[in-house]
Each structure stands twice: as C-alpha cells, then as structure tokens.
Amino acid sequence: AMAEKILVTGGAGYIGSHCVLELAEAGYVPVVIDNFHNAIRGADALPESLRRVQQIVHQPILFQELDITNEAALQELFSKHRFSAVMHFAGLKAVGESVQKPLEYYRVNLTGTIRLLETMKAHGVRNIVFSSSATVYGDPKYLPLDENHPVGGCTNPYGKSKYFIEEMIRDLCKAERDWNAVLLRYFNPIGAHESGMIGEDPQGIPNNLMPYVAQVAVGRREFLSVFGNDYKTDDGTGVRDYIHVVDLAKGHIAALKKLKENCGCKIYNLGTGTGYSVLQMVQAMEKASGREIKYKITGRREGDVASCYANPALAERELGWKAAFGLDKMCEDLWRWQLQNPTGF
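Source: prediction; values computed, not measured. (Residues numbered from 1 in each chain as written. Predicted model: local features only at pLDDT ≥ 70, side-chain atom pairs only at ≥ 80, totals over all residues. Heavy atoms only, no water.)

A. Quick look at the overall build of the protein chain. The helix and strand tally for the protein chain stands at eleven helices and 13 strands. Expected size for 345 residues packed as a compact globule is a radius of gyration near 20 Å; at 19 Å, the protein chain falls within 12% of this value. Looking at the 345 residues of the protein chain, the share that counts as buried comes to 54%. Considering only contacts within the protein chain whose residues lie at least 6 apart along the sequence, 78% involve residues at least 24 apart. Accessible surface, the protein chain as shown: approximately 15,100 Å² in total, 47% of it carbon and sulfur. In the protein chain, 38 positive and 40 negative side-chain charges are present, and the distance between their average locations comes to 2 Å. (Helix = DSSP H or I, 4+ residues; strand = E, 2+ residues; numbered from the N terminus. Rg over C-alpha atoms; globule rule 2.2 N^0.38 Å. Buried < 20%, exposed > 50% of the residue type's maximum accessible area, 1.4 Å probe, protein only. Contact = heavy atoms within 4.5 Å. Areas by Shrake-Rupley, 256 points an atom, 1.4 Å probe, with all protein chains shown as cover. Lys, Arg positive; Asp, Glu negative; His and termini not counted. Charge placed at Lys NZ, Arg CZ, Asp CG, Glu CD.)

Written as structure tokens, this is what we have:
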C-alpha cells in the first residue's frame, strides 16, 4: 500500500519539526506547510529545522511555504495531495503577546483554523489531530488536571483561542458523524531530539522558562528572572509539568492510530503527571550543564498560576501512550542542543 500522506501545518516550528521527524520514522509521508513566522530559512528553500530533519531521517521532506489564512493556497494544496489526516500546529503562541495583540491572535488562530477545516471538508479529509494546550483549564480547581476539569476560564487570548478551536472541532464532529478528531492538551514541552540537531529556537527573548535557563547556562544571558517565590508551593516558585518534546511527538503518532478507529472527538492530556518548581528546573539544568545558573527573584507575572500538572492516565489507557523520558534526559537533550547551537538555527 502507498504510505499515508499527513499534512502538518506549522511543521517547521519546535513541536511540529519533532513530529515531522517521528512521522517520517514511523513510515508516514509528512507534507509540511509553514509561513516562517517562527522558523528560520535554510538552504534549498526549506526551513532550517526541516533541512536537518532530512539529514536525520535520510529522506526528503515535502515542504511548501504557505499561510493557513490563505484559503486559495490551501484549496490548491489539497487538490495536489491526497491527505489521510491533518496535524494542526500552525498558530501564534506567545501568551504575553496575545494580551497585547488579541485581534491578531484571533485572526490567525481562529480564522486560520476555520479555513483549514473548510478546505478539509471540501476535499473529504475528515481526520485531524489538533495541538491544544493545558491553558484551556485556566486556574486549576483541583490537581492533577484530568480531561474532565472545567475548561474555558482562560486568562489570555492565546488560551481562549485554543479553547474556541477545541469547541469548533467538537461541534463539527457532532454535526458530521464521519469526522474524527484528537485534541491534545500539551503541558510544558521541553528538551530536544537527542541528535542535538533540532530543538526550540526562540527568536528574541524566550517566553518559556527552559530555553531561557539554557541561554543563561551557555552565556547568552546574564541571569534568569524568577517571577515570584511566594506561591503556595514547596519552595514558593511556580510548579509545572514538563514533558520531553520527543515523548510529545510520539503522542501524536499514537493519536493518528486512534483516528483509524473512527473515534469521533477525543481529548487527551500529554504530560508526565509530575510537577517541578522553577528552582528544581534550574537545579536540574545546572546538573546537566555542569554550570552555575544565576537567577534573581522578581515580582509575580500576571496570569501565572501556582501549580499546574497533568493526570495523564486517560492517554495511557486509550492511546497506549506514556511519557518515557524523565527530567534528567529532558535537560541533557536541551543542553546538547544549546551547546551545539549556541545562537539557535
């Protein structure tokens, strides 16, 4: 049989590129679209991340520069390929920026997704894996967070856009019984492929803790600002569930298999179930790098919750997926990527 073609939107980004690699290694044919909003151009008109994925998997990766808000271009793409499923990563994702630029976040994330879904519908592609986020849970009412926890009490436009898209896909699956969707709520993806060739490459000041910590360790930044040490946690700093990006990518392969069962609309947490504080993460990175990481305590950040970690039991039960890599491996792989690529791609 012909290998299945999977459309990967935003496939040149951090999580997308790691999923493209896992898709290729699992025998699928990923077809990637990306608009370079969060990707660096490499040789051969390819994003640098995907040029490197090609080197790792020893096979060409199909890529087209395309913006998901461009409906005509999407229609053309779907006429050219027969996709068995779509993995949808494309979107704007900086929490702080979303508060500053709400309309831009709603335009790209919501209308981009609507156009994608409409084009899928027009071409009879009815299987989607969507990149959602634990931000849809808002302020945790209880921990660990399971998939039945109330959603929608989001504290920023980014989180709201993820929640609205979940709702749109849910409604679509209800209205059209032949649609299948798996909505994956990520916790905090960190780390990098163990080759050290691809990883997270934030442009400008990193929005996430671990790339920032790694940049301090490698000497790119002087110190880390720790936002608040008076939370109700063991050491007063915020606690989060960190998951290795390769584990996360393998969760997407498991989700594709789930779609094959005509599963309807399913929602799963992708996390480890273990929460670590900011200071524990700093310590783990000091251990992995063998370097001191200077930090300063500063005021809390608006919208930050004290603790947030997953109950990942449902994904284990229904997807047969479980995070395999622990904190040391996450930090070792992040450090290898940072050392080999001190200024990113």
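There is more to say, and it comes next.
B. Spatial organisation of the packing of helix 7 (residues 209-217) against helix 11 (residues 327-340). Viewed as axis vectors pointing N to C, helix 7 and helix 11 meet at an angle of 55°, and their least axial separation amounts to 10 Å. For the element pair helix 7 / helix 11, the angle class is oblique. Note on packing geometry: the crossing formed by helix 7 with helix 11 is right-handed. On the side of helix 7, the interface is formed by Met210, Pro211, Ala214, Gln215 and Ala217, while helix 11 contributes Cys331, Leu334, Trp335 and Gln338. Split by residue class, the contact of helix 7 with helix 11 holds seven nonpolar, two polar and no charged. (Axes fitted to C-alpha atoms, helices over the stretch in contact; angles between N-to-C directions. Parallel < 35°, antiparallel > 145°, perpendicular 65-115°, else oblique. Left-handed = near helix turned anticlockwise from the far one by under 90°. Nonpolar A, V, L, I, M, F, W, Y, C, P; charged D, E, K, R; others polar.)

C. Representation of unusual backbone geometry within the structure. Leucine 143 connects to proline 144 through a cis peptide bond whose omega is -5°. One non-glycine residue, alanine 45, lies in positive phi territory at about 60°. Position of alanine 45 among the secondary structure elements: in the loop between strand 2 (29-34) and helix 2 (48-57). For alanine 45, a relative accessible area of 65% gives the class exposed. Not every positive phi belongs to a glycine, and histidine 58 is a case in point at roughly 55°. By the element assignment, histidine 58 lies in the loop between helix 2 and strand 3 (62-65). When its relative accessible area of 73% is taken as the criterion, histidine 58 is described as exposed.

D. Up close: helix 8 (residues 245-259). Between its terminal C-alpha atoms helix 8 stretches 21 Å, which fits the 21 Å expected from 15 residues at 1.5 Å a residue. Counting buried positions along helix 8 gives 13 out of 15 residues, so the element sits mostly inside the fold. (Expected span 1.5 Å × (residues − 1).)

E. Examining the pattern of salt bridges more closely. Within the structure shown, the criterion is met by 19 salt bridges. In this structure, glutamate 65 and arginine 41 form a salt bridge, with 3.0 Å as the shortest nitrogen-oxygen distance. With glutamate 65 in strand 3 and arginine 41 in the loop between strand 2 and helix 2, the pair connects residues that are 24 residues apart, well separated along the chain. Here arginine 41 falls in the exposed class, since its relative accessible area comes to 52%. (Salt bridge = Lys/Arg side-chain N within 4 Å of Asp/Glu carboxyl O.)

F. Focus on the nonpolar core. With 46 residues, the main nonpolar core has Ile6, Ile15, Leu23, Leu50, Val53, Leu184 and Leu256 as its most contacted residues. Contributions of two or more residues to this core are made by strand 1 (5-9), helix 1 (14-25), helix 2, strand 4 (83-88), strand 6 (180-186), helix 8, strand 10 (265-270) and helix 10 (313-319). The biggest single contributor to this core is helix 8, with nine residues. Formed by 27 residues, the second largest nonpolar core is a distinct cluster that contains Leu66, Met120, Leu172 and Cys173. (Core = buried A, V, L, I, M, F, W, Y, C linked by side-chain atoms within 4.5 Å.)

G. Summary view of helix 1. Helix length check: helix 1, at twelve residues, gives a terminal C-alpha distance of 17 Å against a target of 16 Å (1.5 Å per residue), a fit within 8%. A large share of helix 1 lies buried, amounting to eleven of its twelve residues. Phi turns positive one or two residues past the end of helix 1, at glycine 27, with a value near 90°.

H. Fine view of the packing of aromatic side chains. Going through the model one piece at a time under the given rule, you end up with six aromatic pairs. When the ring of phenylalanine 36 is compared with that of phenylalanine 63, the centres are 5.7 Å apart and the planes differ by 80°; the resulting orientation is edge-to-face. Here the residue phenylalanine 36 occupies a position in the loop between strand 2 and helix 2, and phenylalanine 63 occupies one in strand 3, the gap between them amounting to 27 residues. Assessed through its relative accessible area of 11%, phenylalanine 36 is described here as buried. (Phe/Tyr/Trp six-rings, centres within 6.5 Å; stacked < 30°, edge-to-face > 60°.)

I. Expanded view of the UniProt feature "domain: NAD(P)-binding" (unreviewed entry) in the protein chain. Annotation from UniProt places "domain: NAD(P)-binding" (unreviewed entry) at residues 7-333. The distance from the first to the last C-alpha atom of residues 7-333 is 27 Å, and the span holds 39% helix and 19% strand. (UniProt positions renumbered as here; feature names shortened; annotations may be inferred.)

J. A look at the environment of lysine 287. Within the secondary structure, lysine 287 is located in helix 9 (residues 278-289). Classification of lysine 287 by relative accessible area gives exposed; the value is 61%. Considered as a pair, lysine 287 and glutamate 332 are 45 residues apart in the sequence and their alpha carbons are 8.8 Å apart.

K. Quick peek at the sheet that holds strand 5 (residues 127-133). Pairing in this open sheet of seven strands is parallel, and the strands run 3-2-1-4-5-6-10 from one edge to the other. In the strand order of this sheet, the two ends are held by strand 3 and strand 10, each with one partner. The mean inter-strand angle of the sheet, taken between neighbouring strand axes irrespective of direction, is 20°. Pairing of strand 4 with strand 5 involves three bridges; the strand directions are parallel. Bridged to histidine 88 within strand 5 is phenylalanine 130. (Pairing = 2+ DSSP bridges.)

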